Amino acid sequence: MASTRVCGVDDLAVNEAQKFVVDGVPIAVVKDSAGDVFAIGDTCTHGDISLSEGFVEDDTLECWAHGSKFSLLTGKPLTLPAYEPVPVYQVEITDGGVFIDPAVKLAV
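Conventions used here
Counting restarts for each chain: residues are numbered from 1 in the order of the written sequence. Per-residue local features of the predicted model are confined to residues with pLDDT of at least 70, and side-chain atom pairs are confined, for both listing and counting, to 80 or more; whole-chain, interface and lining totals are unaffected and use all residues. With hydrogens and water excluded, all non-hydrogen atoms of the structure serve as input to the side-chain values. Definition of nonpolar core: a set of buried residues of the types Ala, Val, Leu, Ile, Met, Phe, Trp, Tyr and Cys, connected through side-chain atoms within 4.5 Å. Relative accessibility decides the category of a residue: with a 1.4 Å probe and only protein chains considered, values under 20% of the type maximum give buried, values over 50% give exposed, and everything between is partly exposed. Contact criterion: two residues are considered in contact whenever any of their non-hydrogen atoms come within 4.5 Å of each other. Any two strands with at least two DSSP bridges between them are considered paired. Each helix corresponds to a stretch of at least 4 residues labelled H or I by DSSP, and each strand to a stretch of at least 2 residues labelled E; elements are numbered beginning at the N terminus. As a rule, the C-alpha atoms of each element are fitted with a line to give its axis, helices using only the stretch in contact, and angles between N-to-C directions run from 0 to 180 degrees.

Per an unreviewed UniProt entry, the protein carries the name Rieske 2Fe-2S domain-containing protein and comes from Agromyces kandeliae.

Below, the structure written as structure tokens:
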């Protein structure tokens, strides 16, 4: 598969997650305060909840329902009750656009 443009970098609010579905895969995209963009699986591994509805803090995305925090870098849960990681996807920034290929995972 090829990378798909999901939005522009400027369309992303700082320290907020936004959900995109790419080739049927729900992905939470986050731009941190340094301007770095991350993409992780949008579904919490504990409760089947959309992570993009959660809270961004430093380099984590917290599930709003049960409080599990997932690393934006590795996808690993840093707090319980989740213990299974979410996938992390490669992000490409080209001409101000955010491109993601759900077939290219950096971590699972």
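So, next bit.
(A) How the structure looks around the nonpolar core. Residues Ile40, Cys44, Leu51, Leu61, Phe70 and Leu72 are the most contacted members of the largest nonpolar core, which totals 16 residues. Among residues more than four places away in sequence, those in contact with Leu51 are Ala17, Ile40, Gly41, Asp42, Thr43, Cys44, Leu61, Cys63, Phe70 and Val86. Among the nonpolar cores identified, the runner-up in size contains 13 residues, and Val6, Phe20, Val29 and Ala39 belong to it.

(B) Layout of the sheet that holds strand β7 (residues 69–71). With antiparallel pairing, the 3 strands of this open sheet are ordered in space as β5-β6-β7. Whereas interior strands pair on both sides, the edge strands pair on one side only; in this sheet they are β5 (55–57) and β7. This sheet shows a mean twist of 30 degrees between the axes of neighbouring strands, independent of strand direction. Pairing of β5 with strand β6 (residues 60–62) involves 3 bridges; the strand directions are antiparallel. Following the sheet pairing, Val56 is matched in β6 by Leu61.

(C) Spotlight on the side chain of Asp42. With respect to the helices and strands, the residue Asp42 is situated in the loop between β4 (37–41) and β5. With sequence-adjacent residues up to four places away left out, Asp42 is seen in contact with Lys19, Pro26, Ile27, Ala28, Ile49, Ser50, Leu51 and Ser52.

(D) Main features of the environment of Val91. Tracing the sequence through the fold places Val91 in strand β8 (residues 88–94). For Val91, a relative accessible area of 21% corresponds to the partly exposed category. On a C-alpha basis, the gap between Val91 and Asp10 in space is 15 Å, while along the polypeptide they are 81 residues apart.

(E) A look at the pairing of strand β2 (residues 17–22). The pairing of β2 with strand β3 (residues 25–31) spans 6 bridges and is classified as antiparallel. Note that in β3 the partner of Phe20 across the bridge is Ile27.

(F) Main features of the sheet that holds strand β1 (residues 4–8). Read from one edge to the other, the open sheet built from 6 strands follows the order β1-β9-β8-β4-β3-β2, with strand pairing classed as antiparallel. The open sheet terminates on both sides in strands that have one partner only, identified here as β1 and β2. Neighbour-to-neighbour, the strand axes of the sheet open up by a mean angle of 35 degrees, direction not taken into account. As judged from the 5 bridges shared by β3 and β4, these two strands associate in the antiparallel manner. What sits directly across from Ala28, in β4, is Ile40.

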